[in-house]
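Chain residues, written in single-letter form:
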Amino acid sequence: MAKLVLAGKANCPYYAKAELLADYLQANLLDFKVHKITQHPDKWEHHYGITSMMLSEEMLDIAEENLQAHIEIEKEEEEIKSLIKPLQIWITSASGPICYQLIPLLANGEVFGMTTEISIHLLDTSQFKEVLCGIVMEAEDMAFPLLRSISEHTEIDEAFVQADIIIVLDDVLLNCEAQSLENYIREVSEICQVYAPLIEKNAKSEVRVISSGKTFVNLKAMMIMTYGPSIKPENVIAIATSWESAAKAMLARKLNMNAAGVKDVIVWGNITGCNYIDLSHAKLYGYDCAVWGPANFPHPLLNMIYDSKWIHSEFQSAQSSLSSQVCHCVGMLPAHAVATVLRYWYHGSPPGDIVSVGILTKGQFCIPEGIVFSMPVRFQNGNWEVMTELEINETTQEVLGRLAHELIQEKLIALKEIKEMHPYRADKITSKKYLHQEMETLPTGSL
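Undergrad: Go over the overall build of the protein chain, please, and point to the residues and values.
TA: Secondary structure assignment for the protein chain yields 15 helices and 16 strands. Put simply, the protein chain has 447 residues, and 47% of those count as buried. Contacts in the protein chain between residues far apart in sequence, at least 24 positions, make up 71% of those at least 6 positions apart. Of the roughly 23,300 Å² of accessible surface on the protein chain, 55% is carried by carbon and sulfur atoms.

See the structure below:
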């Protein structure tokens, strides 16, 4: 088969005449194909700089017709592109391993659906520019069909432009011997003090913000809402799914079953601090025991673990090792957690399943208002709602009270830092009366 490639500018009379000949040959010869490439005159001149002055009236007419057709085709293509608006996703501290593991999960279509294109923006400091460029090149080479674009950013002023989703992965390096809690909280507060106004200024009004990482995820969510009062509180959540998954895996090992069959484990409180893993509502599906039922038949987990000593001693004491395990993972687990929660947020969580996320409290479960506290929610219709119908016993209620005190203390330290550094800003964020009320709820000597 013979194939002729014919290229020229859309208003060129000689291209027009060559096109007529090519069409004639293609119509009358077997196995003869023509591939035409037309360029707008401005682009052609810029790239090639070749112009012919040999003109004829017929050729000029055809050339004018070609130019109008080319302009119309370009206009149609632009209109089609404008109808396809990719989700704009920004990821902070994007040079880290969590982001590296997260990008394929976001781009393969399983999170947002196989018809939703995305554009990913990687944000980090200039010292990581080379790393970001490497990630961009690798993601482009993978040729994900739904990844419209991926770009790296090191200029903070351009952060979060037209963002639909912002994933905050910033962490602080913990070294308890060198720094105090106040210093860590100040560091987190300073990060959010930069991000929040930029989110208000540059992102879309319905932007969804996810706080993830290994340290202070509750506090990051709280400070973003504090410094960005126009950001909708219901659109800011902290991720607890990593701790859920690690707990389910530990329980599955104890029961010698698939971890996917362990459901409704609840993470309460400060996700990356003092939290409580509640098994009172946990269920087992597909568990091999004396009582059998259909695939959707659940066994209450606590009824299946006959070794109550293990629950009250080894499992509870193992929570600190769970936290260490999650915090030292290389990125796969937290990346999967972020992707899972995003999928639920956009498409709903499985009916009946409990998902733990950190949200701004409004008095649910008798937890004080105004702190970011991990609790059970369900996702549906693009929103989440707290599962307030769940019953909790007195012991759990006491634990929640203690966990709330820790988060209130964390918040007060952060507000104190704001007041010292930015007194006017602090007065707009909270009143003295509110601070006094919050401080009275703390145990004596906690500050």
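Undergrad: Explain the pairing of strand S11 (residues 275-278) residue by residue, including any values.
TA: Of the two faces of S11, the one carrying Asn275 and Ile277 and the one carrying Tyr276 and Asp278 are both buried. Judged from the four bridges that link them, strand S10 (residues 266-269) and S11 form a sheet pairing that is antiparallel. Bridge pairing links Ile266 to Asp278 in S11. In sequence, S10 turns back onto S11 through a hairpin of five residues.

Undergrad: I'd like a description of the nonpolar core, backed by residues and values.
TA: Note that soluble globular proteins tend to have their nonpolar side chains buried in a common cluster. Ile91, Leu106, Leu122, Ile167, Trp268, Phe373 and Phe379 are the most contacted members of the largest nonpolar core, which totals 61 residues. Listed in part, the 40 residues of the second largest apolar core include Tyr184, Val188, Val207 and Leu219.

Undergrad: Go over the layout of surface pockets with me, naming the residues and quoting the values.
TA: Empty space within the second largest pocket amounts to approximately 370 Å³. As for the second largest pocket, its lining consists of 18 residues, of which Ser245, Lys248, His336, Thr340 and Tyr344 are closest to the centre. Of all elements in the fold, only helix H8 (241-255), strand S9 (262-263) and helix H12 (332-347) reach the threshold of two or more residues within the lining of the second largest pocket. Sorting elements by how many residues they give to the lining of the second largest pocket places H8 first, with five residues. Its residues assigned to classes, the lining of the second largest pocket comprises eight nonpolar, four polar and six charged.

Undergrad: Give me the lowdown on the sheet that holds S9, citing residues and values where you can.
TA: The three strands are arranged S9-S12-S13 in an open sheet whose pairing can be described as antiparallel. If you trace the sheet from one side to the other, it starts and ends with S9 and strand S13 (298-300), each paired once.

Undergrad: Help me get a handle on the packing of aromatic side chains, residues and values and all.
TA: Scanning all chains against the criterion turns up seven aromatic pairs. Their ring planes at 90° and their centres at 5.1 Å tell us that Trp268 and Phe365 sit as a pair that is edge-to-face. Of this pair, Trp268 sits in strand S10 while Phe365 is found in the loop between strand S14 (355-360) and strand S15 (372-380), placing the two residues 97 residues apart along the sequence. For Phe365, a relative accessible area of 11% corresponds to the buried category.

Thresholds, definitions, all that
- Note on numbering: residues in each chain are counted from 1, in written sequence order.
- At least 70 in pLDDT is required for a residue's local features to be given in this predicted model, at least 80 for side-chain atom pairs to be given and counted, and no such filter applies to totals for whole chains, interfaces and linings, which use all residues.
- To get the side-chain values, take all heavy atoms of the structure and skip hydrogens and water.
- Runs of H or I in DSSP of at least four residues are treated as helices and runs of E of at least two as strands, each being numbered from the N terminus.
- Only protein chains enter the area calculation, which uses a 1.4 Å probe; residues under 20% of their type maximum are buried, those over 50% are exposed, and those in between are partly exposed.
- Throughout, a residue-residue contact means that at least one pair of heavy atoms, one from each residue, lies within 4.5 Å.
- A 1.4 Å probe and the Shrake-Rupley method give the accessible areas. Residues count as covered only by the protein chains that appear here.
- Only when DSSP finds a minimum of two bridges between them are two strands counted as paired.
- Here, nonpolar core refers to any group of buried Ala, Val, Leu, Ile, Met, Phe, Trp, Tyr and Cys residues whose side-chain atoms link them within 4.5 Å.
- Two kinds of site are reported from a 1 Å grid over the protein atoms alone, namely cavities, where a 1.4 Å probe fits but cannot get out, and pockets, open sets with protein on both sides within 12 Å along at least five of seven lines, and residues are called lining when an atom falls within 4 Å of a point.
- Grid points are joined across faces, edges and corners, and a volume is the space filled by probe spheres set on the points.
- Each residue is assigned to one class: nonpolar for Ala, Val, Leu, Ile, Met, Phe, Trp, Tyr, Cys and Pro, charged for Asp, Glu, Lys and Arg, and polar for all the others, Gly among them.
- Only Phe, Tyr and Trp rings take part, Trp by its six-membered ring, and two of them pair if their centres are within 6.5 Å. Stacked means planes under 30 degrees apart, edge-to-face means over 60, and tilted covers everything else.

Any functional reading would require information beyond the geometric quantities listed.
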